[in-house]
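Chain by chain, the residues run as shown.
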Amino acid sequence: MADAETRAGRGKDPGGPHLLDEDLLDEALLATLFSQSSVGLVVLDPQLRLARANALGDGVEIGAYIGRRFTEAFRLDDPGGAEQLLKRVLAGEGPVRDRLVRGRLRETPGDREFLVSAYRLDAPDGPDAPALGLLAAIVDVTERQRARAREAALAAVRDAVGGSLDVAATCRAFADALVPGFADLAVVEVVDDVLRGADPPPGPLPPDTPLRRAASGRCDAVRDTAEGGGEGRARERSAGMTRRLAARTPYALATTDLRARLVPLAPDTPWLDTDPDGARAVTETGAHSLIVVPLTLRGAVLGLVSLYRCGAAEPFDEDDVSLAGTAATRAALSIDNARRYEREHVIASTVQRRLLPQAERQQAAVDTAHVLLPGRDSGCWFDTIALSGARTALVVGGVAGEGLQSAIAMGQLRTVIQALAGLDLEPEEVLARLKETADRLAHERASLPPADELQGEPLSAGCLYGVYDPFTRTCTVARAGHPAPLIVGPDGRAVALDVPEGPGLFSDDSALFAPATVTLEVGSLLAFCTADLLSGDQAAERITQALARPGRSLQQLGDDIVYALPDDTRSAGAALLLARTGTVSDHLVATWDLAQDPTTPGTSRVLVRDRLQGWGLGEDTVEATELIVSELVTNAVRYGAPPLRLRLLLDSTLTCEVHDGSTASPHLRHAGTVDEGGRGLFIVSRLASHWGARHGPDGKVLWTEQELPDDERNDEGGEQDDEAGEPEGAGDGPGGAGDGPDRAGGEQGGAGGGR
């Protein structure tokens, strides 16, 4: 009623009936409030003892609490803070409104949450007189707070789960989102095969299916209790353990009918006898309430979630079961997405490894070792390719991106570069032709239908290609959108090599590739790294310092480089190729300068026979090599130009090289039955395993390689001739040069036989 009406009611109206007495009205008001109000009312005297209260709870005898101090009647989370707060209200510092307090009546189980307002009861003499006590209005907001806590827990799951494509990381995020806001202890177990990317089994889950603990989380109170029990630390490290669900337990039943379960726990719970690990966990943590939720998606079982409340925490209820089911559904979807990505990553990594060299290849004058770090990037590759003349091609490259398509593109580029290396092209020519192939691949991808997801994905790749020649001890390098190599001399000092950067393989840039050449001391180290290894501050210095350590094998140096890498480098994936330079032993090489004379083929056969017999090679190999050398020298004498030089190289294969000053390359011909000539290179191609031609500034080299029997490889017996004399009188050797040479063609391209 209005204030005016209130004042009028306190007097007597001469013309009306007698109104209620003020004291009677106050008594009626208090009686009604204390008996019918839904708000809890508590009156405390100046000593903070309960003087009067309405219903404190269902079935609670109020009289048992009258006269007790409020800290004796209530068990509060912060009794000292609450007492200081009430004393300030008594002192006249003003009321307290809507303060959230957590506690319960001392003899009543279960914590509750209340909104408390406290007001000072002034004496009739006014606020300056001592207070009569306090009036506290208490509103039970436990259910409201629990609903908010459930909403917060579900929001935490939505925010935390789904941001990673790693199954284990997704499970850890799920457990962390539920603890401690919703549960005191959470355990996430995933079907073991699912962690490896396999399809989840359809429900019900077979009894013998192994489950692996992917993540677990516990609040501080539970962790302290478990560690105090002696086995807490061991159980805290149990992530990764595998178990098979015991029969006739809530865990097994949940994966059978795919329904969540609310299970009260106690040390004497019957089913714990069949699950010793579960019984030990209940004892250690003091768990009294359990929710078991299967992780299911479209009828398939991915795993199991177990949520516990321990100690004084409120037991779970059906509303909590509903929330746990909703959270588990989101987690299952995220785990399945991560599983699918993991499977694609495993497939891509497998394809990548199958497309890379499966073993270190022994080279004539270079020792090599590699390190391949698995990671998201499945497009890294490396290669060592044996070239003619004991030279070695060193290759490192990478296709940007993740997944199977990157691995496939990497395999295509690696196949192309191996074919180009066999043509004895210079490094800049190899990369130029490799880029042409990459441009065609990019055009093919751009021509895909718009609905194809690959159509809009750009390609990006880089490559570093170098050739080491042990006879000149030079390394010629070119690069396409890739970091330059790092070189350390045998004395541990870095060797500068300024390699002009060429355009990336799939870029629109049409700039030319430019090589750089450096002369190296024997024992120098070259490091060909993918870009990820050289990212970050002082990355190059870190690698060169590792390479400068004396007395380390190449594999040990590669390991040292990996140990010093930042953690994020390993997750991206990288490739490292190390090479230690050397020379070919003089004992395994024979070189002769020959005259541009018709008798030279016969002389060359004599020289070759003598040298091969000195090396202890078999007669079949000697005769075949004689014929090969005779044909090549005859071709050089008739159609080449001085100077003329013959070189033999013995390694795992036997290499013959004939150099002349002409730049015209011979071409393989298929002579007719009645033709008098044209069979020379055909004979050579039949006797040699590989043959070809390479060009240089002073002419060309025709070369052949012959496979040797196992007992003749690397046979270092015999003496090597010291002289490379120019023969006098060709009649001393066998005459003739076979069926006649092939005439030189006009093209300057690579040889027809190829490696």
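Reading the values: the criteria
- Residues numbered from 1 in each chain as written.
- Predicted model: local features only at pLDDT ≥ 70, side-chain atom pairs only at ≥ 80, totals over all residues.
- Heavy atoms only, no water.
- Helix = DSSP H or I, 4+ residues; strand = E, 2+ residues; numbered from the N terminus.
- Buried < 20%, exposed > 50% of the residue type's maximum accessible area, 1.4 Å probe, protein only.
- Contact = heavy atoms within 4.5 Å.
- Areas by Shrake-Rupley, 256 points an atom, 1.4 Å probe, with all protein chains shown as cover.
- Salt bridge = Lys/Arg side-chain N within 4 Å of Asp/Glu carboxyl O.
- Phe/Tyr/Trp six-rings, centres within 6.5 Å; stacked < 30°, edge-to-face > 60°.
- Core = buried A, V, L, I, M, F, W, Y, C linked by side-chain atoms within 4.5 Å.
- Pairing = 2+ DSSP bridges.
- Axes fitted to C-alpha atoms, helices over the stretch in contact; angles between N-to-C directions.
- Parallel < 35°, antiparallel > 145°, perpendicular 65-115°, else oblique.
- Nonpolar A, V, L, I, M, F, W, Y, C, P; charged D, E, K, R; others polar.
- Left-handed = near helix turned anticlockwise from the far one by under 90°.
- Patch = residues over 30% accessible without salt bridge, like charges linked within 9 Å, V, L, I, M, F, W, Y side chains within 5 Å.
- Polar contact = N/O pair within 3.5 Å; in protein donor to acceptor, adjacent residues only side chain to side chain.

**Q** When you look at the overall build of the chain in this model, what are you seeing that I'm missing?
**A** The helix and strand inventory of the chain stands at 20 helices and 28 strands. Within the span of the chain, comprising 755 residues, buried residues form 47% of the whole. Pairs at least 24 residues apart make up 66% of the contacts formed inside the chain by residues separated by at least 6 positions. Accessible surface, the chain as shown: approximately 36,400 Å² in total, 50% of it carbon and sulfur.

**Q** Help me understand the pattern of salt bridges in this model?
**A** Two side chains with opposite charge may pair up if their charged atoms get near one another. Under the definition given, this model contains 32 salt bridges. For Glu83, the salt bridge is made with Arg69, and the minimal N-O distance between the two is 2.7 Å. Of this pair, Glu83 sits in helix α4 (residues 79–90) while Arg69 is found in the loop between β2 (50–53) and α3 (70–73), placing the two residues 14 residues apart along the sequence. Given the relative accessible area of 19%, Glu83 is considered buried. In this structure, Glu657 engages Arg647 in a salt bridge whose closest nitrogen and oxygen atoms are separated by 2.7 Å. On the criterion of sequence distance, the pair formed by Glu657 in strand β26 (residues 653–660) and Arg647 in strand β25 (residues 644–650) is long-range, its members being 10 residues apart.

**Q** Quick question: what am I supposed to make of the packing of aromatic side chains here?
**A** Following the criterion strictly, the structure yields 2 aromatic pairs and no others. Both rings, one in Phe182 and one in Phe316, keep their centres 5.5 Å apart while their planes meet at 40 degrees; by these two values the pair is tilted. With a gap of 134 residues between them, Phe182 in the loop between α6 (167–178) and β7 (185–191) and Phe316 in the loop between β12 (300–310) and α12 (318–355) connect regions that are remote in the sequence. For the pair Phe182 and Phe316, a shared accessibility class is recorded, and that class is buried.

**Q** How should I be thinking about the environment of Ala338 in this particular structure?
**A** Topologically, Ala338 is positioned in helix α12. When the C-alpha positions of Ala338 and Leu165 are compared, they lie 4.2 Å apart, and in sequence the two are 173 residues distant. Ala338 has contacts with Ser164, Leu165, Asp166, Val167 and Thr170, leaving out every residue within four places of it along the chain.

**Q** I would appreciate a short explanation of the side chain of Thr704 in the present structure.
**A** Tracing the chain through its elements places Thr704 in strand β28 (residues 699–707). A residue is classified by how much of its surface remains accessible, and Thr704, at 1% relative accessible area, is buried. Not counting residues within four places of it along the chain, the set of residues in contact with Thr704 comprises Ile628, Leu632, Leu654, Thr655, Cys656, Val684, Ala688, His690 and Trp691.

**Q** How do you make sense of the nonpolar core when you look at a structure like this?
**A** What tends to happen in soluble globular proteins is that the nonpolar side chains get buried as a cluster. Residues Phe174, Phe182, Leu295 and Leu307 are the most contacted members of the largest nonpolar core, which totals 59 residues. A per-element tally of this core places α12 first, with 9 residues. Ignoring anything within four residues of it in the chain, the contact list for Leu307 reads Leu178, Phe182, Ala183, Leu185, Ala186, Ser289, Leu290, Ile291, Phe316 and Ala324. Ranked by size, the runner-up nonpolar core spans 51 residues in total, among them Cys380, Val395, Ala409 and Ala575.

**Q** What's the story with the sheet that holds β26 in this structure? I'm lost.
**A** Think of a sheet as strands paired side by side through backbone hydrogen bonds, with each pair either parallel or antiparallel. Strands sit in the order β24-β25-β26-β28-β27 across an open sheet of 5 strands; the sheet is antiparallel. Taken across any chain shown, the strands that pair with only one partner, and hence form the sheet edges, are β24 (589–594) and β27 (690–696). The sheet shows a mean angle of 15 degrees between the axes of neighbouring strands, taken without regard to direction. Where β26 and β28 come together, 8 bridges link them in antiparallel fashion. By the bridge assignment for β28, Glu657 is matched with Trp703.

**Q** Just to check I follow, could you spell out the pairing of strand β16 (residues 461–469) for this structure?
**A** Within β16, 9 of the 9 residues are buried, which leaves the element mostly enclosed by the surrounding structure. The alternating pattern of β16 places Ala461, Cys463, Tyr465, Val467 and Asp469 and Gly462, Leu464, Gly466 and Tyr468 on opposite faces, both of which are buried. Relative to β16, strand β15 (residues 392–399) is paired through 8 bridges, and the arrangement is antiparallel. In the strand pairing of β16, Gly397 is matched with Cys463. Looking at chain direction, β16 and strand β17 (residues 474–480) are connected through 7 bridges and run antiparallel. Across the sheet, the residue bridging to Cys463 is Ala480, located in β17. What sits between the antiparallel neighbours β16 and β17 is a turn of 4 residues, in which Arg473 has the positive phi angle 55 degrees.

**Q** Which parts of the structure should I look at to understand the environment of Arg391?
**A** Within the secondary structure, Arg391 is located in the loop between β14 (380–386) and β15. According to the relative accessible area criterion, Arg391 is buried, its value standing at 12%. Put simply, Arg391 and Arg473 are 82 residues apart on the chain and 9.9 Å apart in space, counted from C-alpha to C-alpha.

**Q** Would you explain the packing of α12 against helix α13 (residues 404–421) in this entry?
**A** The geometry of a pair of packed helices is captured by two quantities: the angle between their axes and the separation between those axes. At a minimum axis distance of 8 Å, the contact between α12 and α13 shows a crossing angle of 10 degrees. One finds that α12 runs roughly parallel with respect to α13. Contacts between α12 and α13 involve Ile347, Ala348, Val351, Gln352 and Leu355 from the former and Leu404, Ala407, Met410, Gly411 and Arg414 from the latter. Taken together, the residues of the contact of α12 with α13 sort by class into 7 nonpolar, 2 polar and 1 charged.

**Q** I'm lost on the packing of α6 against α12 in this one. Help?
**A** Two elements in contact, α6 and α12, have axes separated by 9 Å at closest approach and are oriented at 165 degrees. What the angle tells us is that α6 and α12 run roughly antiparallel. The interaxial crossing formed by α6 with α12 has right-handed handedness. In this structure, α6 contributes Val167, Thr170, Cys171 and Phe174 to the contact, and α12 contributes Ala327, Ala328, Ala331, Ser334, Ile335, Ala338 and Arg339. Grouping the amino acids of the contact of α6 with α12 by side-chain chemistry returns 8 nonpolar, 2 polar and 1 charged.

**Q** For this particular structure, what's the right way to read a nonpolar patch on the surface?
**A** Taken together, the side chains of Ile347, Leu404 and Ile408 make up a nonpolar region of the molecular surface, amounting to roughly 220 Å² of accessible area. With respect to the helices, strands and loops of the structure, Ile408 is situated in helix α13. A relative accessible area of 36% means that Ile408 is categorised as partly exposed.

**Q** I keep staring at the sheet that holds strand β8 (residues 210–218) and nothing clicks. Help me out?
**A** Taken together, the 6 strands give an open sheet; going across it, the order is β9-β8-β7-β12-β11-β10, and neighbouring strands pair in antiparallel fashion. Every other strand in the sheet has two partners, leaving β9 (242–244) and β10 (261–264) as the edge strands with one partner each. Neighbouring strand axes in the sheet, compared pairwise and without regard to direction, differ in orientation by 25 degrees on average. In the packing of α6 onto the sheet, the strands contacted are β7, β8 and β12, and the crossing angle to β8 comes to about 40 degrees.

**Q** When you look at the side chain of Gln706 in this model, what are you seeing that I'm missing?
**A** As for its position among the elements, Gln706 is in strand β28. Polar contacts involving the side chain of Gln706 include one to the side chain of Thr625, which spans 3.1 Å. Apart from residues lying up to four places away in sequence, Gln706 is in contact with Thr621, Ala624, Thr625, Ile628, Thr653, Leu654, Cys656, Leu687, Ala688 and Ser689.

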